[in-house]
Each structure stands twice: as C-alpha cells, then as structure tokens.
Amino acid sequence: PDGAYYLGEGDFDNDGDQDYTYAAFREGRIYIAENRPTGFVTLVVYDQIEGPQSVTVADLEQDGDLDIISAGAWDDSFYFHENEGNLNFNTTLITDTANNAARTLVIDVDGDGVSDVVGSSSLDDSVRWYKKTNNYFKAHLIVDDIDGALAMSQADYDQDGDVDVMVGGFFSNEIILLINEGSGIFKSKTLAVQKVKPLTLIGQDVDMDLDVDVIFTESQAGLLWLLKNDGKTFEEILIADRPSKISSVALLDVDSNGMFDIIDVGESSGNIGISQNSGISSYFRYLIYQGLQGFKDVLAEKQMPNKKGLNLLLASNVNNSVQQFSITDLIFITGFEAAKIR
C-alpha cells in the first residue's frame, strides 16, 4: 500500500478470525486484510479518497457487522463504509466540509441508544458530531477553537454515564477534555498545555483505580505522558523521554501482571519501545527493536494468554507496508531480552 498510514482491527467477516483495515494515504484507498487459513488476502474497501489518514472500526448500524469510518485529509471528507455482509461495503459521504479531516470516533453522543460519528478537522480547528438518519448525516458543532484539532479518544472520564471526548490541539499544543453533558451539549476543559504536537491519545484505566486515565504523546519532542485521573483532577506524569519522535502507541499487558504496558513506535528512527507498568504510576522503558523506518501506526496483541510474547502490526509509509512482527520471550527482570524478531 502506497503510504500505509493508519490501522484498525476487527472480525469483518464474522468467521472468528481477526482481520485488519488500513489506509493507504498516497493511493487514496481503504483496504481490508482478511485473515484466512492460508494467510491474509487484501481487499479494497474504497478507492476514491484523497489523502485517507485514519480509520475507525465500529458497528455503526448495530446490525452485527463491523463498519469502517474513514477521514480524507485532502478532500476534507469523512466517509461511512457500511459492511453489508460477506465483506461487501457500501460507502456514504458523511461530509466534505471538514477542513483537513483528521480522526473519527463512534459513540452515542446524545444518549438515544443510536451510535453517532464524531470527527476532528485540524485546519478549521473543529470537532463535530454527525447524526445519521437513513443515509443522511447531519452535522452538529461541538467546538471550533482547538487550534489543529487532531487526535481524539473517547471514554466516560467523569463517570456520569455520558461518553466524553478528549482532543489534542496539534498547533495549540494542548490537551482538551470535551465533557458530554447530555443531549449533544459539551463543555471544554483544558487539561494540559505546552505539549508539543500531541499526536496520539488513548483513554484507559492504567492504574486500575476505576477512573479512566489518558496516555498521550508529544510527538515532535519524543515524550510519552500519563494524565492520571483521580476522579476530580488529572495529574501529569512523564512516562518516557525517548531520543526520537513518537508516531503512535498501543496499550497491552505484555508481562501479564494485570496492568497495561505501553508500546511506542518512531517514524524517523524505526524504534519500538515498551514502557513496563510496574504500578504506582511507575514505568521503565526498554528498546526492543530498531530498523524499519516510517512507522505511522501500531496495533498489539498477546500471542497466548499469560505468556510474555506479543504480535505487533505496523504500518510504514516509507517502505509502503503493513507488517506483522512476532516477539517472543520478553523477560522483565533486571535485564531484558527480545528474541526472534522477524
């Protein structure tokens, strides 16, 4: 894929195997890699997007088939690729007025039991939510003052029963929480400032205290941060300071200790690192791979339950590939070994 850029995962054909989807930025295509007994088979979902830079997997129609939402940066568009079964997709334009359409989420914004689409667009500083009625999506503005609205994550951060939205301002260097007050009404709260080019945001309870925390990157500075949520405030904790830029991260309990570790990848360096979560907001980062450049996104999964190995799916826009790395026998002790990287 020319310009492999962004990854998603799910069982698109309902056969019990994990499939993958990805955007090919320079090709203008969305692909699926179907997992078959003989290997992966590549299928084109849609080939008329200008600069696709993200994919989101969710059952928007709630019909039991996983759909795909994509964002086209150069045509300012969000697309809904409806899975009609048997890997047949029908594409509907959500909007073509999102200036540099960036990222999408699928959540029930207004609490009516029906999923909606949330989209960020970085050149009009906006986040909007889109209500689907039949084949038409109606836009509702949430904010239009987050300079370079780009990365997003979703979670009920304040535990009031409504799903909130976290946004990174790529140009304002801020992390903003959009608190969902119900019925499609949001209130903005700034959580962090002077964070250079936040590119990845993940909401997860990493310290197991039942409050959803936030992992985010200062992509240009090579910094990996935790916003620790205690239910009332968010505390900034630096997890890792790596010597090169961070393009993406994934969370996984690699060492099977019940806590999420953090896998980070670098676009220019070709580095892969793991920050081991040892509890009490304490992390130690290990470099486990260095070589392939152009990493844009990463997905991670355990090889077997309670085993210290993992599979990484990596998209590279330099060698135009989506590759699976298998890493076995990860040993977290006084030393660290990463064997059989292939």
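To start, this report covers the structure provided alongside it.

The rules behind these values
- Residues numbered from 1 in each chain as written.
- Predicted model: local features only at pLDDT ≥ 70, side-chain atom pairs only at ≥ 80, totals over all residues.
- Heavy atoms only, no water.
- Helix = DSSP H or I, 4+ residues; strand = E, 2+ residues; numbered from the N terminus.
- Rg over C-alpha atoms; globule rule 2.2 N^0.38 Å.
- Buried < 20%, exposed > 50% of the residue type's maximum accessible area, 1.4 Å probe, protein only.
- Areas by Shrake-Rupley, 256 points an atom, 1.4 Å probe, with all protein chains shown as cover.
- Pairing = 2+ DSSP bridges.
- Contact = heavy atoms within 4.5 Å.
- Polar contact = N/O pair within 3.5 Å; in protein donor to acceptor, adjacent residues only side chain to side chain.
- Salt bridge = Lys/Arg side-chain N within 4 Å of Asp/Glu carboxyl O.
- Axes fitted to C-alpha atoms, helices over the stretch in contact; angles between N-to-C directions.

What follows deals with the overall build of the chain. In terms of helices and strands, the chain carries zero helices and 27 strands. Since a compact globule built from 342 residues should have a radius of gyration of about 20 Å, the 19 Å found for the chain is in line with a globular shape. When its C-alpha atoms are laid out on the principal axes, the chain stretches across 55 × 50 × 30 Å. Across the 342 residues of the chain, 57% fall into the buried class. Looking at the chain as shown, the accessible area adds up to about 14000 Å², and 46% of this sits on carbon and sulfur atoms.

This part is about the pairing of strand β26 (residues 310-316). Among the seven residues of β26, seven are classified as buried, and the element is accordingly described as predominantly covered. Burial along β26 is two-sided: the face carrying L310, L312, L314 and S316 and the face carrying N311, L313 and A315 are both buried. With seven bridges joining them, strand β25 (residues 295-302) and β26 adopt antiparallel strand pairing. Residue pairing for β26: F295 is matched across the bridge by S316. Bridge count for β26 against strand β27 (residues 321-327) is seven bridges, and the pairing is antiparallel. Residue L313 lies in a different strand from β27, and its bridge partner there is Q324. From the end of β26 to the start of β27, which pair antiparallel, there are four residues, and N320 there has a positive phi angle of about 55°.

Okay, the environment of S153 next. Tracing the backbone shows S153 in strand β13 (residues 149-155). Along the chain, S153 and V167 lie 14 residues apart, while their C-alpha atoms are 6.8 Å from each other. For S153, the contacting residues outside a window of four places in its chain are L105, D164, V165, M166, L201, I202 and G203. One polar contact links S153 to Y157, side chain to side chain, over a distance of 2.7 Å.

According to the stated counting rule, one finds 13 salt bridges in the structure shown. Where D207 meets K228, a salt bridge forms, and the shortest distance between an N and an O atom there is 3.2 Å. Pair noted here: D207 is in the loop between β17 (198-204) and β18 (213-218) and K228 is in strand β19 (residues 223-229), with a separation of 21 residues, a long-range link. One network of salt bridges, in which partners are shared, links D110, D112, D116 and K131.

Strand order in this open sheet of four strands is β21-β22-β23-β24, and the pairing throughout is antiparallel. Every other strand in the sheet has two partners, leaving β21 (248-252) and β24 (283-290) as the edge strands with one partner each. The mean inter-strand angle of the sheet, taken between neighbouring strand axes irrespective of direction, is 20°. Where β21 lies against strand β22 (residues 261-265), five bridges are found, and the strand directions are antiparallel. Counted as the bridge partner of L252 is D261 from β22.

Read these as layout, nothing more, since geometry by itself doesn't imply function.
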